[in-house]
Amino acid sequence: MFAGLWARGVALECRSATLAKVANRGPLRSLHQTTPRPVFARTALPFLPQSWPKQCNVWTSRRAFAVRAAAPRRPFDPRFFSANAAQPQALAAELPVLSPPAVGRWLLASAGLVFAVIVVGGITRLTESGLSITEWKPITGVLPPLSRAQWEEEFEKYKATPEFKLLNHSITVDEFKGIFFWEWGHRVLGRLIGVGFVVPLAYFAFRRRLTSTLPKHLTAMAFLIGAQGALGWYMVKSGLEDSLLETPGAVPRVSQYRLAAHLGTAFVLYAGMFGTGLAAIMDWRYATKGLWSGLKENGAKWKEILENPHVRTFSRGVKGLSALVFLTALSGAFVAGLDAGLLYNEFPLMGGRLAPPAGELFDPAYAKSPDRSDIWWRNLFENPTTVQFDHRCLAITTYVATGLMYASTLNPALRAILPPLTKRMAASAFAMANVQVLLGISTLLYLVPIPLAAAHQAGSVMLLTTMIHLLVSLRRPGAAARAWRQALQKKTTA
């Protein structure tokens, strides 16, 4: 019995010394498959009898923790995709950097913030809160008024605006706080997007985690975020001009042109972030697992699929439809800017007719040129009746085109070759188009209630989201992903 206890004690000492020796070598994750197994020579324990084996090898199957730590790294371990990580010299010299999934998740999170700021911006416009802050302070404007005196000071500034003098001359400070916080929240969200995008961008660029094509694209997005803030203030200024007080029948609101530019820039940012984030994640999956657009076993057939004439025709149609969805959403900015949704609150007719009279659609009163050469384009962008009619036509065209696109995926010849993700997103786009049409009609019939109108604006972003996802599903893997996939296949067959 005593001999057994003595032997167990020696084994425990060997194990403790082994773990201590491994810990002194650095983090366990730094162990490579070439790390020698730790052993104990007889000289390390002089009290052992001469008959004891020359080496006490504690690296047995029972030491599962140590075995896992020293196991060979997977050929596509995430650390392989960082230029700062320990990579095999051959791979580091030959293969380009491939962005890890963290880059894609960061871009998708940034797109989520842009989605939120678009919705909050729509509510700010619907509640007529956009002109409540009369100054642009990118740094100090983060903090709202905190004391009664500060609120009184801010309210006095608002009293000097045309909106207060013409519309809100009877509101109190407490009522002013309600519209102030919508505009303040919209601006703070914009600042949060800037910080949440630029700081991770600098980190990933410094760590060299970005695929070679990403830095210039993401830097352009960063500059566009800054330009978006300046454009937002430029838009607000249009509603603070004193000239509105001198114009008969003028309504204090921002320029519909600047509003459309502000919203359009937000859509471009959203599309860029969302599409790039999806592409980064899909490239990673293709490089590491061979997955492409839902194809598990036949992911390598992407080239054959994309070169199919039916798929190429379908892809061109999807690109055109995506542009139409963007244009329809942009026309909604003119509807909001001119309050055109408060006219002709019926559907599908307008005043009992399919279209208003031509004299109302192209009213000469909107022409400013002496020869009335600008009557066409000014009515298209400044006449509320014409703007609503245009938005209706674009929305109906988008809905019909989305339905035809989905119907084409049911064609057996095309359906047999399309990848699963493409078919799912085509169905999702048509479903979202149905939801968006119902929201638009309900918003019109119920005289633009804030919840329905905000949901309608959010629906336009969701429809654009499905179209971007559909486009990405027909995208070929990036050059870096193809190179890594080829290297992995060679390593597997070697």
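A quick note: this is a predicted structure, and the numbers were derived from the prediction, not measured.

Definitions and cut-offs
- Residues numbered from 1 in each chain as written.
- Predicted model: local features only at pLDDT ≥ 70, side-chain atom pairs only at ≥ 80, totals over all residues.
- Heavy atoms only, no water.
- Helix = DSSP H or I, 4+ residues; strand = E, 2+ residues; numbered from the N terminus.
- Buried < 20%, exposed > 50% of the residue type's maximum accessible area, 1.4 Å probe, protein only.
- Contact = heavy atoms within 4.5 Å.
- Areas by Shrake-Rupley, 256 points an atom, 1.4 Å probe, with all protein chains shown as cover.
- Salt bridge = Lys/Arg side-chain N within 4 Å of Asp/Glu carboxyl O.
- Phe/Tyr/Trp six-rings, centres within 6.5 Å; stacked < 30°, edge-to-face > 60°.
- Expected span 1.5 Å × (residues − 1).
- Arc of directions from axis to C-beta.
- Core = buried A, V, L, I, M, F, W, Y, C linked by side-chain atoms within 4.5 Å.
- Patch = residues over 30% accessible without salt bridge, like charges linked within 9 Å, V, L, I, M, F, W, Y side chains within 5 Å.
- Polar contact = N/O pair within 3.5 Å; in protein donor to acceptor, adjacent residues only side chain to side chain.
- Axes fitted to C-alpha atoms, helices over the stretch in contact; angles between N-to-C directions.
- Left-handed = near helix turned anticlockwise from the far one by under 90°.
- Nonpolar A, V, L, I, M, F, W, Y, C, P; charged D, E, K, R; others polar.

### As for the overall build of the protein chain
So, point 1. A count of helices and strands for the protein chain gives 18 helices and two strands.
So, point 2. Each of the 494 residues in the protein chain was classed as buried or not, and the buried ones make up 44%.
So, point 3. Taking the contacts inside the protein chain whose residues are at least 6 apart along the sequence as the reference set, 75% of them involve residues at least 24 apart.
So, point 4. Roughly 26200 Å² of accessible area belongs to the protein chain as shown, and the carbon and sulfur atoms make up 63% of that amount.

### Regarding the pattern of salt bridges
Note that side chains of opposite charge can pair when their charged atoms are close.
So, point 1. All chains considered together, the criterion is met by eleven salt bridges.
So, point 2. With a closest N to O distance of 3.3 Å, lysine 159 and glutamate 156 form a salt bridge. Residue lysine 159 and its partner glutamate 156 are located together in helix 5 (residues 148-159), separated by three residues, close to a single helical turn.
So, point 3. In the salt-bridge network here, residues are joined through shared partners; they are Arg125, Arg253 and Asp339.

### Description of the packing of aromatic side chains
So, point 1. This structure, assessed with the given rule, holds 21 aromatic pairs.
So, point 2. Arranged with centres 5.9 Å apart and planes meeting at 85°, the rings of phenylalanine 181 and tryptophan 184 form a pair that is edge-to-face. Taken together, the residues span about one helical turn, with phenylalanine 181 and tryptophan 184 both in helix 7 (residues 173-206) at a distance of three residues.
So, point 3. Centroid distance phenylalanine 267 to phenylalanine 326: 6.3 Å. Interplanar angle 85°. Geometry classified as edge-to-face. Taken as a pair, phenylalanine 267 in helix 9 (residues 256-289) and phenylalanine 326 in helix 11 (residues 309-337) lie far apart in primary sequence, 59 residues in all.

### Structural notes on the environment of proline 419
So, point 1. Mapped onto the elements, proline 419 comes out in the loop between helix 15 (412-415) and helix 16 (420-445).
So, point 2. Along the backbone, proline 419 and serine 293 are 126 residues apart, and their C-alpha atoms lie at a distance of 5.9 Å.
So, point 3. Sequence-distant contacts of proline 419, defined by excluding residues within four places in its chain, comprise Trp292, Ser293, Leu295, Ile305 and Ser473.

### Looking at helix 5
So, point 1. End to end, helix 5 covers 16 Å across twelve residues, agreeing with the expected 16 Å (1.5 Å per residue, within 8%).
So, point 2. Every buried residue of helix 5 is listed here: Trp151, Glu154, Phe155 and Tyr158. In a view along the axis of helix 5, the buried residues occupy a sector of 100°, so they form one face of it.
So, point 3. Next to the buried residues of helix 5 lie helix 6 (162-166) and helix 7.

### A word on unusual backbone geometry
So, point 1. The residue after phenylalanine 347, namely proline 348, is reached through a cis peptide bond having omega 10°.
So, point 2. Its location among the elements puts proline 348 in the loop between helix 11 and helix 12 (358-361).
So, point 3. Even without being glycine, tyrosine 344 reaches a positive phi, approximately 45°.
So, point 4. Along the chain, tyrosine 344 turns up in the loop between helix 11 and helix 12.
So, point 5. Here the phi dihedral of valine 448 falls at roughly 55°; this positive angle occurs in a residue that is not glycine.
So, point 6. Along the polypeptide, valine 448 turns up in the loop between helix 16 and helix 17 (450-473).
So, point 7. Note on valine 448: relative accessible area 25%, which makes it partly exposed.

### A short note on the nonpolar core
Nonpolar side chains in soluble globular proteins generally cluster together in the buried interior.
So, point 1. Counting 74 residues, the largest nonpolar core has Trp106, Phe197, Leu218, Met273, Val311, Met405 and Met467 as its most contacted members.
So, point 2. Here the element with the most residues in this core is helix 9; it accounts for 13 residues.
So, point 3. With sequence-adjacent residues up to four places away left out, tryptophan 106 is seen in contact with Gly196, Phe197, Pro200, Leu201, Phe204 and Leu218.
So, point 4. Listed in part, the ten residues of the second largest apolar core include Phe155, Val173, Phe176 and Ile179.

### Observations regarding helix 7
So, point 1. Over its 34 residues, helix 7 extends 48 Å from the first C-alpha to the last, a length consistent with the 50 Å expected when each residue adds 1.5 Å.
So, point 2. Count one or two residues on from helix 7 and you reach arginine 208, which has phi positive near 55°.

### Quick word on a nonpolar patch on the surface
So, point 1. Nonpolar side chains collect at one region of the surface, where Phe347, Ile396, Val400, Leu404, Leu445 and Tyr446 lie side by side and expose about 610 Å² of accessible area between them.
So, point 2. In terms of residue count, the dominant contributor to the nonpolar patch is helix 14 (residues 384-408) (three residues).
So, point 3. Following the sequence through the fold, tyrosine 446 ends up in the loop between helix 16 and helix 17.
So, point 4. Note on tyrosine 446: relative accessible area 61%, which makes it exposed.

### Thoughts on the environment of leucine 143
So, point 1. Tracing the backbone through its elements, the reader meets leucine 143 in the loop between helix 4 (101-126) and helix 5.
So, point 2. Spatially, the C-alpha atom of leucine 143 lies 8.8 Å from that of tryptophan 184, the residues being 41 residues apart in sequence.

### Quick look at the side chain of serine 99
So, point 1. For serine 99, the location among the structural elements is in the loop between helix 3 (89-94) and helix 4.
So, point 2. A polar side-chain atom of serine 99 sits 3.2 Å from the main-chain carbonyl oxygen of arginine 209.
So, point 3. Within the local environment of serine 99, its side chain forms a polar contact with the backbone nitrogen of threonine 211, the two atoms lying 2.9 Å apart.
So, point 4. Ignoring anything within four residues of it in the chain, the contact list for serine 99 reads Arg209, Leu210, Thr211, Leu214, Ala280 and Trp284.

### Remarks on the packing of helix 9 against helix 17
So, point 1. Interaxial distance between helix 9 and helix 17 falls to 10 Å at its minimum, and their mutual angle equals 35°. Here helix 9 and helix 17 pass one another in a crossing that is right-handed. Of helix 17, the residues touching helix 9 (which contributes Leu263, Phe267, Tyr270, Ala271, Phe274, Gly275, Leu278, Ala279 and Met282) are Gln457, Ser460, Val461, Leu464, Thr465, Ile468, His469, Val472 and Ser473.
So, point 2. Residue composition of the contact of helix 9 with helix 17, grouped by class: twelve nonpolar, six polar and no charged.

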